Amino acid sequence: MSESSYALDTDPRPGPLAAGVSVVRRHPLAALGVVIALVALWLGIREGWHELAQATLNGIVAGNYFALGAVGLTLIFGVLRLVNFAHGEFLTFGAYMLIAANALGLPLVVSAVVGVVVTAGLALSLEVVLWRPVRRKRVGELQLLLLALGLAYVMRYTISFVAGPEDRASGADVTAGVTILGLRIGRTELIVTLVGLAAIALVAIGLRYTSLGRQMRALADSIELSETTGIDTDRIVLVTWAISGGLAGLAGIIYALPAGTVNPQLGFTLILSIFAAVVVGGIGNAYGALAGGMLIGVAQEWSTLVINPSMKVAVGFAVLILVLLVRPQGLFGRARSVER
Amino acid sequence: MSTNGDPAPLLELDGVNTYYGQIHILEDSNLKVGEGELVCLLGGNASGKSTTLKTILGLVRPRTGVVRLAGEDVTGLPTAYRIRRGLAIVPENRRLFGPMTVLENLEMGAYLRPRADLKEEFERVYTLFPLLYERRSQLAGTLSGGEQQMVAMGRALMSKPKLLLMDEPSMGLAPILVERSFEIIQQVNQAGVAMLIVEQNANVSLSIADRGYVLSTGRIVLEGRAAELLANEGLRKAYLGR
C-alpha cells in the first residue's frame, strides 16, 4: 500500500546499479526493447543480417504456438489459481484430433477446425466432471497441482495407448517452400503462422473490446471481486476453459502441421517453454502471455545462431530467469502487485 | 410511498446464523435497512462485520435464518442474482481490477445494465468524480488510495443500486480523505441510495447515519438511532469488548 512504497522511495542514496535497475523496473517494456535491439545488433554483426532475419522468422513461427498455448494456461491460472500441467496434453490432443478427422476423410482445413472444437469440448467436459466438483469439495492447492500433473500423465498415455506411441504423419505437405525477400519458410508453415497470428490478434481484440473478454480479465484478476460486481462466474469459467482448450488445440495443430509428424510427447516437449512464456509475461495476464510466447520463441531461435539448437529450451529459461530477477511480477504484471 | 402499512425493507437479515466449519461466526443476527436509509454496522476486528457482508452478498450461506431483499427470500440464491436485484458493494481496501483501466473498472460495475443506459450512468459517475474522467485510460492499480476509493465507489454506482454496501470505507485513508469519503457517501445517500456502512470508525459513521448496529463477537449487542448511539456510554464498552 502507500505506506510501504513511501518507505522504499526514501532510500537515501541509490547506487548507480540500483538506479539503473530501478529505471528498468519502471519502464520494463522500453528496457526490454533496448535489450532486444542490442542483442539483435550483436547477432546481426556477428552472424550476418540475413541469418538473423531468418532466425527471427523462425522465432515468430515458434512464438505462435507458444503464445497460443500460453494465453489459455495463464487465463486458467488467473481465474482458478490452477496450474494446469495437463495443458500440454491439450496441444497433443488437438493435433491427434486433426489426424483422426483427416483419417475419416475430412479435408485438412476442416480437420483442423474439428481438432480445435473437440479440444475445447474436452476442456469443458473436464471442468464439469473433474475441476468443478473438486473445487466445490474445497480440495487444497497442492492437491489440485498434483491432480493436474496426474491428469497430464493419464491423457498422454491414453493418447499413446489409443493412437500408438510412434510418430504419425500429420498429413500436411511439408516439402513445398516459399521464399520471401530471400527468407525461406515452408508453405504449410507460412499458412499456419498467418492463422496463428490472426488468432492472437483476435484473442487480444476480444479480451480488450468485448464484454466477455473484460469479464474474463476481471475474473483472472479476482474471482471474488468479480462475483460481487454481478458477473456470472460459473459461466465465465466455462467459457474460459473452452477458449483455453480451443487455443491449445490450435497451438498443437499449428505445431504439428509443419512438423509433418506427431507423437504423444508433443505437448510435453512444449509445455515448459509455454510455462516460461506465462511467467515472463506476468502470471494471469493474457496480453503478457501473448507477448511472452513471442519473446520466448524469438529468443530460442536467435540462440540457435550461436549455440547448439538442442539447447534452445534452456535459453527460454535463461530469459525467464533474467526477467524475474529484474521484474519478479513479469513484464505485464505491474498493476497486480500494487493491490495487496 | 406504500399506502398500506410498512413496505418490506430493502434488506433484512432474519435470525441468521453463519458458520465457518464448526466455528459459529454470526449468532442470531437480525438487521434491516429501509428504503433510502443510511445504516452503519460497527464492530472491531473479528466481530463478524465481514461475514455479515458476505452473508448479505451470498458469498457465504447461513446455516439457519433468512436473507431478504425487498421482501424476497434470497438465502439460497447466488451472488449475481442479488446484484441484479439492486445490491452493490464497495469492497474492503477499495479493491479494484488492478490490470484494467479506470474505464473498464467502471464498465464492470455496469455490465448488467442495458447498453443504452451506459452513457447516462457514466455521466452520473463522472459528474460525481470529475477526476475519473481524466484518469479513464489509466490502469486502476496505479492510482492513489483516494482515487481508488472514487473508482470503487463509481463502479458500484454504475449498476444504479438501490442498496450500496460499503466495507470499511475509512480504512487506510488519510483523515482528510476519510472526511471527503463520508461527504460523498452522504451525497449518494441523499440522491436516494440506501447504504449499509460497515465500519470500525464509530464517530464518523454515526455522525452521518440514520441508525446503527454494534456487533461484538458475532452478536448484535446494541442498535438504535445514530444520535442515541453516539451518546451511549455502553457503545464504547461493547465496542472494545472484542
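Just above, that's the structure.
About the criteria used
Residues numbered from 1 in each chain as written. Chains lettered and ligands numbered in written order. Predicted model: local features only at pLDDT ≥ 70, side-chain atom pairs only at ≥ 80, totals over all residues. Heavy atoms only, no water. Salt bridge = Lys/Arg side-chain N within 4 Å of Asp/Glu carboxyl O. Contact = heavy atoms within 4.5 Å. Buried area = accessible area lost by both parts, 1.4 Å probe. Polar contact = N/O pair within 3.5 Å; in protein donor to acceptor, adjacent residues only side chain to side chain. Buried < 20%, exposed > 50% of the residue type's maximum accessible area, 1.4 Å probe, protein only. Helix = DSSP H or I, 4+ residues; strand = E, 2+ residues; numbered from the N terminus. Arc of directions from axis to C-beta. Pairing = 2+ DSSP bridges. Expected span 1.5 Å × (residues − 1).

This part is about the pattern of salt bridges. Side-chain pairs of opposite charge can arise where the charged atoms are in close proximity. Enumeration according to the criterion identifies 20 salt bridges over all chains in this entry. Sharing partners across several salt bridges, the network here consists of Glu127, Arg132 and Arg135 of chain A.

This part takes up the interface of chain A and chain B. At the junction of the two partners, chain A supplies 23 residues and chain B supplies 24 residues. Between chain A and chain B, a total of about 2,300 Å² is buried, with carbon and sulfur atoms accounting for 61% of that surface. Sorting the residues of chain A by area buried against chain B places Arg214, Leu225 and Thr228 of chain A first, and these three jointly supply 25% of that buried surface. Counting across the chain A and chain B interface gives three salt bridges. For Glu104 of chain B, the salt bridge identified is with Arg208 of chain A, shortest N-O distance 2.9 Å. Where chain A packs against chain B, one counts five residue pairs in polar contact (both at pLDDT 80 or more).

This part takes up helix α4 (residues 118-128) of chain B. Residues and elements named next belong to chain B. All buried positions along α4 are accounted for by Leu118, Glu121, Phe122, Val125, Tyr126 and Leu128. Taken down its axis, α4 places every buried residue within 160 degrees of arc, on the same side. Turned more than 90 degrees away from the buried face of α4, the exposed residues are Lys119 and Thr127. The inward-facing, buried residues of α4 abut α3 (102-110), α5 (130-134), α6 (145-158) and α7 (175-190).

This paragraph deals with the pairing of strand β8 (residues 194-199) of chain B. Residues and elements named next belong to chain B. For β8, a buried count of six out of six residues is recorded, marking the element as mostly surrounded by other parts of the structure. Judged from the five bridges that link them, strand β3 (residues 38-42) and β8 form a sheet pairing that is parallel. Counterpart to Leu38 in the pairing with β8 is Met195. The sheet contact formed by strand β7 (residues 163-167) and β8 spans five bridges and is parallel.

Once that is clear, we can look at helix α7 (residues 141-163) of chain A. All names here are of chain A. Helix length check: α7, at 23 residues, gives a terminal C-alpha distance of 33 Å against a target of 33 Å (1.5 Å per residue), a fit within 8%. Among the residues making up α7, those that are buried are Leu144, Ala148, Leu151, Ala152, Met155, Arg156, Ile159, Ser160 and Ala163. Buried positions along α7 lie against α5 (87-103), α6 (108-136), β1 (168-169) and α12 (266-281). Within two residues after α7, Gly164 carries a phi angle of roughly 90 degrees, on the positive side.

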